[in-house]
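# Summary of structural features
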Amino acid sequence: MTESYDIAVIGAGPAGANAALSAAKHGFRVLLLDEQPAPGGQVWRAKSAAILSAPATPESRAGKALRAAVRDSDVHHQGNTRVWQIERQSAGWDVHTLTDGQTAKVMAKALILSPGAREFVQPIPGWTTPGVIGLAGATALFKRDLLLPGNRTVVSGTGPLVFFVASEIRRLGGQVAAVVTPNTRRDWLGVLPAMRGRPDLLARGALWVADLMLAGVPLLWGHSVTAAQGQGSVSGVSVRKLDRNWEPIGGERGIEADSLCLGHGLIPNVEAAQLAGLPLHLRPELGGWVPEVGADGRTQIDNLFLCGDGAGIRGAAAAEIQGKMAGLNAARHLGADTAGAIAELQQSYARAARFGLAMTKLSQPRSGLSSLTTPDTVVCRCESLKQSDILAEVASGAGSTNAVKSGLRAGMGPCGGKYCQTAIARMIAAAHDRPEGDIPPPTPRPPLRPVPASALAGDFDYNDLPIPKPAPL
Amino acid sequence: MTDHYDIAIIGGGIMGCASALQMAAGGMRPIVLDQGDLGQGASGVNAGTLSLQIKRVKLMPYALRGHHEWEAMGDAVGFRKTGGYTLAFTEREVELLHERQKLKAEAGAPITFVSNNALRAAEPNLTHKVLAASYCPEDGYANSSLTGQYFRGRLQDAVVPYREGCPVTAVARNAQGFELTTAQGSIWATRLLLAAGAWLKPVAAMLGVDLPVNARINTVSVTERMLPLTSTVIGHATGLLTMKQKANGTVLVGGGWQGRGTPQEGRGEVMAETVKPNMALAQFALPALAKARVLRSWTGFEANVPDFYPLAGALPGVEDAFVLGCVRGGYTIGPYIGKLMGDFILGREPDLPLFDPGRDFHED
Ligand SMILES: Cc1cc2nc3c(=O)[nH]c(=O)nc-3n(C[C@H](O)[C@@H](O)[C@H](O)COP(=O)(O)OP(=O)(O)OC[C@H]3O[C@@H](n4cnc5c(N)ncnc54)[C@H](O)[C@@H]3O)c2cc1C
Ligand SMILES: Cc1cc2nc3c(=O)[nH]c(=O)nc-3n(C[C@H](O)[C@H](O)[C@H](O)COP(=O)(O)OP(=O)(O)OC[C@H]3O[C@@H](n4cnc5c(N)ncnc54)[C@H](O)[C@@H]3O)c2cc1C
């Protein structure tokens, strides 16, 4: 019972949903898969069904419009569906899914990957204390559940997200104890020229900052939270000034708070692209290791397309346009005449990408960032491994992320290494005095998401198992 | 950098490392070269089953001695002697199991058949659909992902140099021995041991020798941590299931189901169509596994020649060159056959015979 489509799209954020819509307009059968219930991705995440009404925000409006567009289109959207395996076949792609505890296979002639990004958090002492959450992760709380991280929150991290999160907390009635960002006002002045192409987005950012200043929220530029205090829950955080390389300098001061939002930028989700067969290259300005992808979403594999933050962190506005181009290119690969339509999008994409890359640059880690992690700081949460454990393994000769993973199980837990490998790779590079580009992430292994054994086994009759001939005696 | 070694070993898997240690102990100066990390080939990704019940009859004496080596390595490689059961679910499998285990027991493996009651007492969570089960108290497992870490330490202790990220791309014969072209410059050695696992064919081809090496692409899967479900190594009469729960609670499932790819193209690929029946078989044997989430599946390349016996001896036609690989159940047997190989190169008489790489492969 394998369903067959012209195009399968993995990820229904701004990139994937627009890719699907663009391709469907040309008459192709398009399947749009996402593990979330409704389209919208990270940025335009839908509210939980339990929440009946809430004031509109630019995010909720854009999300609503996108969901309506998908609903009114011929795109077949399938939510609550995790893609766990991708296999290239001679005639196209096999996409293996998990929905409600059941696995299924769909076939598609062309595949569009738009899996978005995940958050990077440089581990600091106390970051595993309940009450500490990711900066980007916090936005999911607001959008889906209209929840706050706590009563009095320190918001700390790089790029624009720190201001968005702080102003959302205020809008939802919470108290922001302080905004702490490694970026300086000079860093922001430096990216202004790139932001002028999108005055709308620039104005929104300015509003967040103005709101915080008017409310008298302390804005600590060029600072970082260096530790979270508290047993069982956060009681306060320590803050230090940073030098230009983000190395902490000067004394520590305390801020009382019951919660902390902490984040240091986004990392493209590249595992699906790796399983599909694309090699990775280190591009720090795009957020880390990424496959080679054209601005229009094409890759070195002619029926594989990649768009959005999964191709490099350029933000939602660029994701939307690159998604359209990827969808049009997939349609073109299948015979539609879309060259003109693609060309028309190039300029607006370039503007949006320029804006997005300037934001990414603010989060690009500098050499001092790693020193926020102390020997006793847990780096791999799944296996409770401290920095000192990892450094000892590296000192004994482990010179790759694969070797550290094998020796210590760092990255073998349920998160599959998504949250520790970037920090570990930097530790290896620093210890062996090698460029970060020499230390790629570990070999990707399916499933992309954990799959229950019962779902893999499915309903089976023992006698139907395809048991091959036994090995020679 | 005109270092000259007594022997250069191409391949830092279990075969290359175990041989190197034996030769160093015997007074030679070896160097181990690996294109990746030590123990990241088959030796680092295999299922780690140290089971006599799934060994070939003719290799049983090697496997028995291999077991002693693993016992000596102990905790450092995650060794556990748990005993193991091999299960049959159909009449045909019962027949197969009896026929096979009888020959293996005759070859020296302490295998017995156990009653259903005894099986249930020992492994209460196994399915009640077992028609016959054999038991071997010697069976157990090691943690193959520790192979690289373990041998890195042992080589350092023995002051044996090794180079990781050092593919050998050409080999030239000259009066003094061999000159190896590698990604890290040239290396000279009097002798050469090819221990390149599934990559033996292209490596031997550098010396103009055609070895009929094929690769199987075996799949292994692991679950998240579970409460205790099973305490021994569980196998299936056909050999198509191996399963054990590690001390940390994760359950490792193997059995030689095939992925796709070739060693030359890089890592192999897992195929959903074989992971699924592999997990179905595992769940059939251990129904409580249904609830476990599979976190990772992977493949590794297991080398063989047409008769499925090892290549262990002199490389045909090239003086001072040797080859060791293609050992079925090679993780179990590796530490021992590596020693034999070391002895052979040291000029000693090995305790058990080696396997002439120059033989006619279609005899068996
Ligand atoms: C937690 C988080 C919050 C963010 N919040 C904001 C914000 O508030 N404002 C902002 O400007 N930017 C935000 N960003 C940045 C964000 O990445 C946007 O730039 C934008 O969402 C990118 O769009 P996209 O379509 O490329 O990816 P996304 O919007 O991330 O969409 C990708 C989608 O793919 C799905 N997916 C991925 N892998 C699989 C799989 N294997 N199976 C099934 N589905 C899969 C995900 O569920 C997701 O819905 C956030 C990022 C993160 C990680
Ligand atoms: C998935 C799987 C499961 C298995 N399960 C079991 C089991 O449960 N029990 C058991 O006993 N056996 C098992 N085996 C078999 C066992 O793993 C192998 O027989 C054994 O590890 C082979 O060791 P090796 O050293 O010959 O090969 P490998 O470990 O593959 O080592 C060969 C090395 O050579 C290197 N190399 C290759 N070409 C070059 C070059 N040109 N230059 C430099 N270096 C090079 C490679 O990088 C590699 O590290 C399994 C095998 C696999 C693949």
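Residues numbered from 1 in each chain as written. Chains lettered and ligands numbered in written order. Predicted model: local features only at pLDDT ≥ 70, side-chain atom pairs only at ≥ 80, totals over all residues. Heavy atoms only, no water.

### A word on the side chain of Thr230(B)
All names here are of chain B. Among the secondary structure elements, threonine 230 is positioned in the loop between strand S13 (214–223) and strand S14 (233–236). At a separation of 2.9 Å, a polar atom in the side chain of threonine 230 contacts the side chain of glutamate 123. Aside from chain neighbours lying at most four places away, what touches threonine 230 is Glu123, Gln245 and Leu286. (Helix = DSSP H or I, 4+ residues; strand = E, 2+ residues; numbered from the N terminus. Polar contact = N/O pair within 3.5 Å; in protein donor to acceptor, adjacent residues only side chain to side chain. Contact = heavy atoms within 4.5 Å.)

### With respect to the sheet that holds strand S16 (residues 251–254) of chain B
Here nine strands make up an open sheet; going across it, the order is S22(A)-S17(B)-S13(B)-S16(B)-S15(B)-S14(B)-S5(B)-S7(B)-S6(B) and the pairing mixed. The open sheet has two free edges, formed respectively by strand S22 (451–452) of chain A together with strand S6 (112–114) of chain B, since each of these has just one partner strand. Bridging between strand S5 (residues 84–88) of chain B and strand S7 (residues 132–136) of chain B involves five bridges; their strand directions are antiparallel. Note that in S7(B) the partner of Leu87(B) across the bridge is Ala133(B). (Pairing = 2+ DSSP bridges.)

### Section: the pairing of strand S18 (residues 288–291) of chain A
Taken together, the four bridges between strand S17 (residues 280–283) of chain A and S18(A) define a ladder with antiparallel strand orientation. From the neighbouring strand, Arg283(A) faces S18(A), where its bridge partner is Gly288(A).

### Quick word on the interface of chain B and chain A
Accessible area lost upon the coming together of the parts is a frequently used measure of interface size. Listed by partner, the interface residues are 53 residues for chain B and 45 residues for chain A. Between chain B and chain A the total buried area reaches about 4,200 Å² when both faces are included, carbon and sulfur atoms providing 57% of it. Where chain B packs against chain A, one counts one salt bridge. Close ionic contact of Glu383(A) with Arg225(B) constitutes a salt bridge, the shortest N to O distance being 2.5 Å. Counting residues per element, the side of chain B that touches chain A draws most heavily on helix H8 (residues 272–285) of chain B, at nine residues. Within the side of chain B that touches chain A, the residues separate by chemical class into 26 nonpolar, twelve polar and 15 charged. Sheet analysis places S22(A) next to strand S17 (residues 293–304) of chain B, joined by two bridges and oriented antiparallel. Bridge assignment links Pro452(A) to a residue of S17(B), and that residue is Arg293(B). (Buried area = accessible area lost by both parts, 1.4 Å probe. Salt bridge = Lys/Arg side-chain N within 4 Å of Asp/Glu carboxyl O. Nonpolar A, V, L, I, M, F, W, Y, C, P; charged D, E, K, R; others polar.)

### Let's talk about the pairing of strand S2 (residues 30–33) of chain B
Residue and element names in this part refer to chain B. What you see with S2 is no split at all: Pro30 and Val32 on one side and Ile31 and Leu33 on the other are buried throughout. One ladder, built from four bridges, connects strand S1 (residues 4–10) with S2; its direction is parallel. Across the sheet, isoleucine 9 pairs through a bridge with valine 32, a residue of S2. The sheet contact formed by S2 and strand S9 (residues 162–163) spans two bridges and is parallel. Note that in S9 the partner of valine 32 across the bridge is tyrosine 162. (Buried < 20%, exposed > 50% of the residue type's maximum accessible area, 1.4 Å probe, protein only.)

### Here we look at the side chain of Arg314(A)
Residues and elements named next belong to chain A. By the element assignment, arginine 314 lies in the loop between strand S19 (304–306) and helix H8 (315–333). Aspartate 309 provides the closest opposite charge to the buried, salt-bridge-free arginine 314, at an N-O distance of 7.1 Å. There is a polar contact of 3.2 Å between the side chain of arginine 314 and the side chain of tyrosine 349. Discounting chain neighbours no more than four positions away, the residues touching arginine 314 are Leu286, Asp309, Gln322, Tyr349, Ala352, Ala353, Gly356, Leu357 and Thr360. (Lys, Arg positive; Asp, Glu negative; His and termini not counted.)

### Thoughts on the packing of aromatic side chains
In total, this model carries 15 aromatic pairs over all chains according to the counting rule given. Ring plane angle 50° and centroid distance 5.1 Å describe the contact between Phe164(A) and Trp208(A), whose orientation is recorded as tilted. Placement of Phe164(A) in helix H4 (residues 161–171) and of Trp208(A) in helix H6 (residues 199–214) is noted, with a sequence separation of 44 residues between them. Centroid distance Phe322(B) to Phe344(B): 6.0 Å. Interplanar angle 90°. Geometry classified as edge-to-face. Separated by 22 residues along the polypeptide, Phe322(B) in strand S19 (residues 321–325) and Phe344(B) in helix H9 (residues 330–345) bring together distant segments of the chain. (Phe/Tyr/Trp six-rings, centres within 6.5 Å; stacked < 30°, edge-to-face > 60°.)

### Focus: the packing of helix H10 (residues 387–395) of chain A against helix H11 (residues 401–408) of chain A
Residue and element names in this part refer to chain A. For the pair H10 and H11, interaxial distance at closest approach is 10 Å and the crossing angle is 115°. If you check the angle between H10 and H11, you find them roughly perpendicular. H10 and H11 meet at a crossing whose hand is right-handed. Counted together, Asp389, Ile390, Glu393 and Val394 of H10 and Ala403, Val404, Gly407 and Leu408 of H11 form the full contact between these two elements. (Axes fitted to C-alpha atoms, helices over the stretch in contact; angles between N-to-C directions. Parallel < 35°, antiparallel > 145°, perpendicular 65-115°, else oblique. Left-handed = near helix turned anticlockwise from the far one by under 90°.)

### Re the pattern of salt bridges
Applying the stated criterion across every chain yields a total of 30 salt bridges over all chains. Measuring nitrogen to oxygen at the nearest pair gives 3.0 Å for the salt bridge that ties Asp145(A) to Arg144(A). Residue class for Asp145(A) comes out partly exposed when judged on its relative accessible area of 23%. Here Lys81(B) makes a salt bridge to Glu138(B), at a shortest N to O gap of 3.2 Å. Placement of the pair is Lys81(B) in strand S4 (residues 80–81) and Glu138(B) in the loop between S7 and strand S8 (140–141), with a sequence separation of 57 residues.

### Considering the domain arrangement of chain B
All names here are of chain B. Under the domain assignment, chain B is made up of domain 1 (3–43 + 146–213 + 306–345) and domain 2 (81–140 + 214–304). Placing the centre of domain 1 and that of domain 2 at their C-alpha centroids yields a distance of 30 Å. For the pair domain 1 and domain 2, the summed buried area comes to about 980 Å², and 55% of that belongs to carbon and sulfur atoms. For the domain 1 face of the interface with domain 2, the top three residues by lost area are Ala198, Trp199 and Val213, together amounting to 39%. Inspection of the domain 1/domain 2 interface yields zero salt bridges. Our count for the contact surface shared by domain 1 and domain 2 stands at one residue pair in polar contact (both at pLDDT 80 or more). (Domains from an automatic or database assignment.)

### A few points about the site of ligand 1
Residue and element names in this part refer to chain A. Near ligand 1, the surroundings consist of 31 residues, among which Ala15, Asp34, Gln42, Lys143 and Asp309 are the closest. Glutamine 36 places a side-chain nitrogen or oxygen 2.9 Å from an oxygen atom of ligand 1. A total of 960 Å² of accessible area belongs to ligand 1 in isolation, and the protein chains cover 91% of it. The set of elements that each furnish at least two residues to the shell around ligand 1 consists of helix H1 (14–24), strand S4 (81–89), strand S7 (117–119), helix H3 (135–145) and H8. Counting residues per element, the shell around ligand 1 draws most heavily on H3, which supplies four residues. A class-by-class count of the residues in the shell around ligand 1 yields twelve nonpolar, twelve polar and seven charged. Split by domain, the shell around ligand 1 shows at least three residues from each of two domains, domain 1 (2–118 + 267–360) and domain 2 (121–264). (Near = heavy atom within 4 Å. Areas by Shrake-Rupley, 256 points an atom, 1.4 Å probe, with all protein chains shown as cover.)

### Here's the deal with the site of ligand 2
Residue and element names in this part refer to chain B. Asp34, Ser43, Thr49, Val168 and Thr332 are the nearest of the 34 residues found near ligand 2. At 3.0 Å from an oxygen atom of ligand 2 is found a main-chain nitrogen or oxygen belonging to alanine 42. Computed on the free molecule, ligand 2 has an accessible area of 1,000 Å², of which 94% lies beneath the protein chains in the complex. Residue assignment for the shell around ligand 2 shows that the elements contributing at least two residues are helix H1 (14–25), helix H2 (42–45), S13, S17 and H9. Split by domain, the residues of the shell around ligand 2 number at least three in each of domain 1 (3–43 + 146–213 + 306–345) and domain 2 (81–140 + 214–304).

### Quick notes on the domain arrangement of chain A
All names here are of chain A. Domain annotation of chain A identifies domain 1 (2–118 + 267–360), domain 2 (121–264) and domain 3 (373–438). Distance between the C-alpha centres of domain 1 and domain 3: 31 Å. Taken together, the contacts link four residues of domain 1 with five residues of domain 3. Between domain 1 and domain 3 lies a buried interface of about 400 Å² when both sides are counted; carbon and sulfur atoms form 66% of it. Taken as a group, Arg118, Leu282 and Trp289 account for 75% of the area that domain 1 buries against domain 3, more than any other trio of residues on that side. Where domain 1 touches domain 3, the interface holds one residue pair in polar contact (both at pLDDT 80 or more). Among the residues forming the side of domain 1 that touches domain 3, the class breakdown is three nonpolar, no polar and one charged.

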